[in-house]
Amino acid sequence: YSAQDLQSFLIAKADGNYENKEAQVLGMYTGVLLHVLTERYEKEKKKAIFEFDLHKKEFNYLFYFAKRAGEVKVRNVKGHDTCSFIASYGGKAKKVLIEGNKGDYAARLAGSNGGNIRTLVINGNKGDFAAEWVGDYGKKIVTLALYKAGRYAGINAQAQTIIKGRKALALYKKLMAENPCV
């Protein structure tokens, strides 16, 4: 399957009326799909760069517990726990960008428990507790950037550098200029 196939799957499964446990399992499944796609790209010596736009559709736990993520941009998700636990438990990601999310706990515990994320950016989040406990017991999160990330963003975050406000927006724009897909 391709990144486009994964995008189509996400749109097909979005806005479902899932019970919490079902939503968590579906979110973990999307995390496994992203992980496998990332590994395949890396094995083929391709850059694992992905962008997924949910067009403001609801998808709780999107990419929940994705262990490997390469460079991923997730846009316009309505749902809680978007990218929570991504690159955790020994996982890794180069860049994780979340833009236009509407929901609590975006990227909660990302890069935690032995995980590693080079750059995590949350831009335009409408929800509380984004990036809560990121990097906790992780190897490292080098840069965490939060711009309009919601109330209590970055609570107990552990990163080498934490950037907020206009400097975070400038970093986001720089990353977009370097690679528009991510």
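Read on for a plain summary of the structure. (Residues numbered from 1 in each chain as written. Predicted model: local features only at pLDDT ≥ 70, side-chain atom pairs only at ≥ 80, totals over all residues. Heavy atoms only, no water.)

1. Quick look at the sheet that holds strand E5 (residues 140-147)
(1) Moving on: Ordered by their spatial adjacency, 6 strands build an open sheet running E1-E2-E3-E4-E5-E6, and the pairing between neighbours is parallel. The open sheet has two free edges, formed respectively by strand E1 (49-58) and strand E6 (161-164), since each of these has just one partner strand. Sheet twist, expressed as the mean angle between neighbouring strand axes with direction ignored, is 10°.
(2) Moving on: The sheet contact formed by strand E2 (residues 68-78) and strand E3 (residues 92-99) spans 7 bridges and is parallel. Among the inter-strand pairings, Val74 is bridged to a residue of E3, identified as Ile98. (Pairing = 2+ DSSP bridges. Helix = DSSP H or I, 4+ residues; strand = E, 2+ residues; numbered from the N terminus. Axes fitted to C-alpha atoms, helices over the stretch in contact; angles between N-to-C directions.)

2. Observations regarding the environment of Gln160
(1) Moving on: Here Gln160 lies in the loop between E5 and E6.
(2) Moving on: Taking relative accessible area as the criterion, Gln160 reaches 57% and is therefore assigned exposed.
(3) Moving on: Spatially, the C-alpha atoms of Gln160 and Asn125 are 22 Å apart, while their sequence positions differ by 35 residues.
(4) Moving on: Setting aside residues up to four positions removed in sequence, Gln160 forms contacts with Lys140, Ile141 and Val142. (Buried < 20%, exposed > 50% of the residue type's maximum accessible area, 1.4 Å probe, protein only. Contact = heavy atoms within 4.5 Å.)

3. Structural notes on helix H3 (residues 166-178)
(1) Moving on: Helix length check: H3, at 13 residues, gives a terminal C-alpha distance of 18 Å against a target of 18 Å (1.5 Å per residue), a fit within 8%.
(2) Moving on: Buried within H3 are the following residues: Ala168, Leu169, Leu171, Tyr172, Leu175 and Met176. Along the axis of H3, the buried residues cluster in a sector spanning 160°; they form a single face. For H3, exposure combined with an orientation more than 90 degrees from the buried face picks out Arg166, Lys167, Lys173 and Ala177. (Expected span 1.5 Å × (residues − 1). Arc of directions from axis to C-beta.)

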